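# A look at the structure
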Amino acid sequence: MKADVLVIGGGIQGCATAFHLARRGVSVIVVEKDYAGRHASGVNAGGVRLLGRDMAEVPLSKMSMEMWQSLDEELGHETGFRRQALINIAVNEVDLDTLRAREDKMRAAGYTHERIIDRTELIGRLPHVNPECVGGVISELDGYAIPYKATAAFRRAAETLGAQVIEGEEVLGLRRIGNTWLAQGRKQRYEAETVVNCAGAWADRIALMIGDNVPLSHAAPMLMITARMPHFAKPVVGAVSRQLSFKQFENGTVLIGGGAKGFADRANDRTRLDYSKLAAACRTAAEFFPIMRKASINRMWAGLEAYMPDNLPVIGPAVNAARAFHAFGFSAHGFQMGPVVGQVMADLVTGGQSRFDLSPLRIDRFDRKVL
Amino acid sequence: MFRSLQDHNRDRVTLTINGQQVAAREGQTVWSAMAVSGQVETRKAALSGDARSAYCAMGVCFECMVNIDGLPNQQACLRRVSEGMNVTTQHIAEDSEASDAGL
Amino acid sequence: MQAFDCAIVGAGPAGMSAAIVLARAGVQVAVLDRAPRAGGQVFRSAANSPVPDVAALGSDYSSGAALISRFEESGAAHFAGADAWHLGDDGRILFSHEGDTRELRCREMLLCPGAMERPMPIPGWTKPGVMTAGAAQVMLKSDAVVAEGAVFAGSGPLLYLIVAQYLRLGVPVAALVDTTPRRHYFDAAPQMFRALGHIRQLSKGLSLLREIRASGVAVHQFAERLEVIGGNKAEGVRFVATGKHHEIAADTVFLHHGVQPNLNMTRAMDLDHHWNPEQMCWQVSVDDFGQSSIAHVSVAGDSAGIVGADGAQAAGRLVALNILNRLGHLSQVERDQKADKDLSYLSSLKPFRRFIDCLYHPTDALRLPRDPETLVCRCEEQSLDDLRKGFEQGARDPNALKSLTRCGMGPCQGRQCGHVVAGLLAKWRGENPETVGYYRLRSPQRLLTLDELSRYGAVQAEAAE
């Protein structure tokens, strides 16, 4: 099969890239080794979070947040996006100091979307919170979406515009011959002028085929979801210094994350859960929100996710090959960036540059460092 | 109509099902105590609000989830009655609000 | 944390039989089962029946009492009321016991999760008052509770058995609505000759039907287009039989059209499964000795293919012999010698099983919903129409469909909708269910209170101190 661009990986980054390319009339094929949205993009916590981003990501994340607000209309499909304030809870003065230092830094850079709240406002917004909490920080622009739905929405919108998504197709080899990339898949061969590596937890393998080395690691962040509960928390909740993260969806189910990691068996596409850590996450949730003690956990799972040593993604051109680009390594916070990454990748592919400063995200940023 | 083939004089446990005092035999399942007392509605479906009742009675359908002593999602067919137990039909809709704010 | 040579999950006929063999050979064996007393579904309360006239339940049921007492005297450690919710291929088992999560380790693991009834998504099947025939059995066996004036509808030996049991106990039955299609009798006839070796079972089945007919209960054969009628509860059934429309009033309707393996435990463990086209269900893939695709994990009984109580006992003993061999208690030659009788018994069961599977083959009309509004997923209230829309939106895989529609995401974890979804996707894709696959399942296999799990690590830490 032939196309202008071959996107490797049918997660949200790959599908969003395909959507933006197809919209510009570029012919694009997405190959996905399982099914679109099978891994991190389909099974993550669905956080659409701007709060607490690394400074290097803030401009991209802010742009993406704007895009999320009207994404359903843009794609013509539901992503499940709901705008909902995100609050990181402070439990003591030390936490508040951390927040104030962050606030100074953000203000200096001209950002105003994060705001410190006091105990009264915290309890006003989260009446069920443990009253010993002292305050927190809020971002009103944040929200959440349904991960699989959002990924599927990009995929379907891309397909409507002519992109082809080939599922169950693993890329086994990549070669550049003249001005053409030849990709050998398990099922068939592909030819394209440009390749885009959006292969998530497997992106280091694709990078290697392209010619770039990258210190990517993978892990299995764990999540739990409860049976429906009466609504007790509208905002999405995190904590400044504790492993707490949960959100109560509109349907009443509560998703509990917090970053605890299970065991990642990438070779077999499998993850295992670490129940002791999940138990600790339950204790934390119940400590912050005593009402959670009555929750019934319905499912627990983990997804395979790619991590970079500095927890920042790789976004940009390949360094050792022409007409190849990377977007991976989002380190468990890439879902929110999907919309903007699609646009950035389309900019890079079609025009060779982006209006964002991508230098902190370049693939060779670790080359001279001892890790 | 459900009925017990056993002698009711040997029912020793008293529990409350949706406000109704019910006598039951020690070791009996909560579901069968509900069935015999004519209280077969175990829960309301979350989306439609339709009444539901036990379907499999062996723990695989999760239709008989009731609220027992304030704890939701208890499978009535697996739980056994105990003295003073308070059982209520479970109704957690998508728009239910938690009442006991600020515990 | 306790350690055992072998841990058996499920104290039904397979698990008990295996435990007896193992414990008698001096193996340290733990048996976990959710029920307060051993027996499984088929021998539930057989040793302590609350039914005043227990003989009415039949001699097969009563025979369970002897097995239960042999098991209870075997020396196996029986964890009654233990609900296993995580089984690791590292030999670790987490289970709920009296509100706390406990843990044990074992060298060999034997899973005997048994069978459950095949869901029957006919119109109205979610109304209160609609239960399975197995539910009628459970209520009768464990609590001596019966429903008077109920309609029994569907097909298969279990359905006829419970009707006969009711009649023997003097419980009035409104009607038996038999959905076994006429053509199945023709299809099964050749199989019957091959099954003549099991004449006792064959005649038992026939005598049940004779008994029901002799009682004067209305029996409607070859029923089609079965549905439950009523408003917010069941008020009866409606169907077509031999060209005529029928309506029968009843406040309780018991449905049945066969059983299928109860797979959540084995699926969550990621054992290999395959589709059985005769029984129209998934089953665990095992060898003759119940060895699964994961080392030191064996499976016996109905979850590795429906074999019934006698077959399950034989399968349990075979697995036990294999485990004895692996633990060094038996040589392979000894194992094979001792296995001979049960192996031949199981293979002799096959023609009988084939006859039953052919005669009572689940029909598409009852296996798959026909009305767009009929719910497939009872928990998340997803109808046939909802699923079709999801499929049309590109969700061709059961897991993709689950992510898109929430079908299978509720507390039953797909137990009720899993086979239906696989069947529907197979039909829509024009492929077989084996290709379509099944839900990815995970621990816990049922709702676990956050309070219980939150104490898990704390219990561990205390033990370490």
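In what follows, the accompanying structure is described. (Residues numbered from 1 in each chain as written. Chains lettered and ligands numbered in written order. Predicted model: local features only at pLDDT ≥ 70, side-chain atom pairs only at ≥ 80, totals over all residues. Heavy atoms only, no water.)

## Digging into the overall build of chain A
Of the regular secondary structure elements, chain A holds 10 helices and 23 strands. Taken against the 2.2 N^0.38 rule, which gives 21 Å for 371 residues, the C-alpha radius of gyration of chain A at 21 Å falls within 12% of a compact globule. Dimensions of chain A along its principal axes, counting C-alpha atoms only, are 65 × 45 × 45 Å. A burial count over chain A gives 60% of its 371 residues as buried. Restricting to contacts in chain A with at least 6 residues of sequence separation, those with at least 24 account for 72%. Of the accessible surface of chain A, which amounts to about 13,800 Å², a share of 49% is contributed by carbon and sulfur atoms. Of the side-chain charges in chain A, 45 are positive and 40 negative, and the distance between the mean point of each set is 3 Å. (Helix = DSSP H or I, 4+ residues; strand = E, 2+ residues; numbered from the N terminus. Rg over C-alpha atoms; globule rule 2.2 N^0.38 Å. Buried < 20%, exposed > 50% of the residue type's maximum accessible area, 1.4 Å probe, protein only. Contact = heavy atoms within 4.5 Å. Areas by Shrake-Rupley, 256 points an atom, 1.4 Å probe, with all protein chains shown as cover. Lys, Arg positive; Asp, Glu negative; His and termini not counted. Charge placed at Lys NZ, Arg CZ, Asp CG, Glu CD.)

## Re the interface of chain A and chain C
The partner chain C presents 34 residues to the 33 residues of chain A that form the contact. Between chain A and chain C the total buried area reaches about 2,900 Å² when both faces are included, carbon and sulfur atoms providing 52% of it. On inspection of chain A and its partner chain C, the count reaches four salt bridges. For Asp89 of chain C, the salt bridge goes to Arg270 of chain A, with nearest N and O atoms at 3.9 Å. Joining chain A to chain C, the criterion identifies 14 residue pairs in polar contact (both at pLDDT 80 or more). Mapped by element, the contributors of at least two residues to the side of chain A that touches chain C are helix H7 (147–160), strand E19 (270–272), helix H9 (275–288) and strand E20 (296–302) of chain A. Each residue belonging to the side of chain A that touches chain C can be placed in one class, and the counts come to 18 nonpolar, six polar and nine charged. In this structure, E20 of chain A lies alongside strand E23 (residues 448–449) of chain C, joined through two bridges in antiparallel fashion. If you follow Ser296 of chain A over to E23 of chain C, its bridge partner there is Thr449 of chain C. (Buried area = accessible area lost by both parts, 1.4 Å probe. Salt bridge = Lys/Arg side-chain N within 4 Å of Asp/Glu carboxyl O. Polar contact = N/O pair within 3.5 Å; in protein donor to acceptor, adjacent residues only side chain to side chain. Nonpolar A, V, L, I, M, F, W, Y, C, P; charged D, E, K, R; others polar. Pairing = 2+ DSSP bridges.)

## So, the side chain of Asn399 of chain C
Structurally, the position occupied by Asn399 of chain C is in helix H12 (residues 398–405). Here Asn399 of chain C falls in the buried class, since its relative accessible area comes to 7%. Apart from residues lying up to four places away in sequence, Asn399 of chain C is in contact with Tyr35 of chain A together with Tyr438, Tyr439 and Arg440 of chain C.

## Points about the interface of chain B and chain C
Each partner contributes to the interface: chain B provides 36 residues, whereas chain C provides 47 residues. For the pairing of chain B and chain C, the buried interface totals around 3,400 Å² over both sides, and the portion due to carbon and sulfur atoms is 58%. Summed over the shared surface of chain B and chain C, the number is two salt bridges. A salt bridge links Glu63 of chain B to Arg378 of chain C; the nearest nitrogen and oxygen atoms lie 2.6 Å apart. On the surface where chain B and chain C come into contact, there are 15 residue pairs in polar contact (both at pLDDT 80 or more). Mapped onto the side of chain B that touches chain C, the elements with two or more residues apiece are strand E1 (2–4), helix H1 (30–36), strand E5 (51–52) and strand E7 (71–75) of chain B. In the side of chain B that touches chain C, the residues fall into 21 nonpolar, 10 polar and five charged. In terms of strand pairing, E1 of chain B meets strand E9 (residues 145–147) of chain C through three bridges, oriented antiparallel. Bridge pairing links Phe2 of chain B to Ala147 of chain C in E9 of chain C.

## With respect to the pattern of salt bridges
Under the criterion given, the structure shown has 54 salt bridges over all chains. Of the charged contacts, one joins Glu57 of chain A and Arg53 of chain A as a salt bridge, the two residues approaching to 3.2 Å between their closest N and O atoms. For the pair Glu57 of chain A and Arg53 of chain A, a shared accessibility class is recorded, and that class is buried. When the shortest N-O distance is used, the salt bridge between Asp364 of chain C and Arg367 of chain C registers 3.0 Å. Taken together, the positions of Asp364 of chain C and Arg367 of chain C, both in helix H10 (residues 364–367) and three residues apart, correspond to about one turn of that helix.

## Side note on the sheet that holds strand E7 (residues 135–139) of chain A
In any sheet, the strands associate via hydrogen bonds between backbone groups, in a parallel or an antiparallel arrangement. The sheet built from nine strands is open, its strands ordered E6(A)-E7(A)-E5(A)-E15(A)-E16(A)-E17(A)-E14(A)-E20(A)-E23(C) with mixed pairing. For this open sheet the edge positions go to strand E6 (115–118) of chain A together with E23 of chain C, each flanked by a neighbour on one side alone. Two elements, strand E14 (residues 222–226) of chain A and strand E17 (residues 254–256) of chain A, share two bridges in a ladder whose sense is antiparallel. What sits directly across from Ile225 of chain A, in E17 of chain A, is Leu255 of chain A. Sheet strands touched by helix H5 (residues 93–108) of chain A: strand E5 (86–90), E6 and E7 of chain A. Its angle to E5 of chain A, the strand with the most contacts, is close to 130 degrees. (Axes fitted to C-alpha atoms, helices over the stretch in contact; angles between N-to-C directions.)

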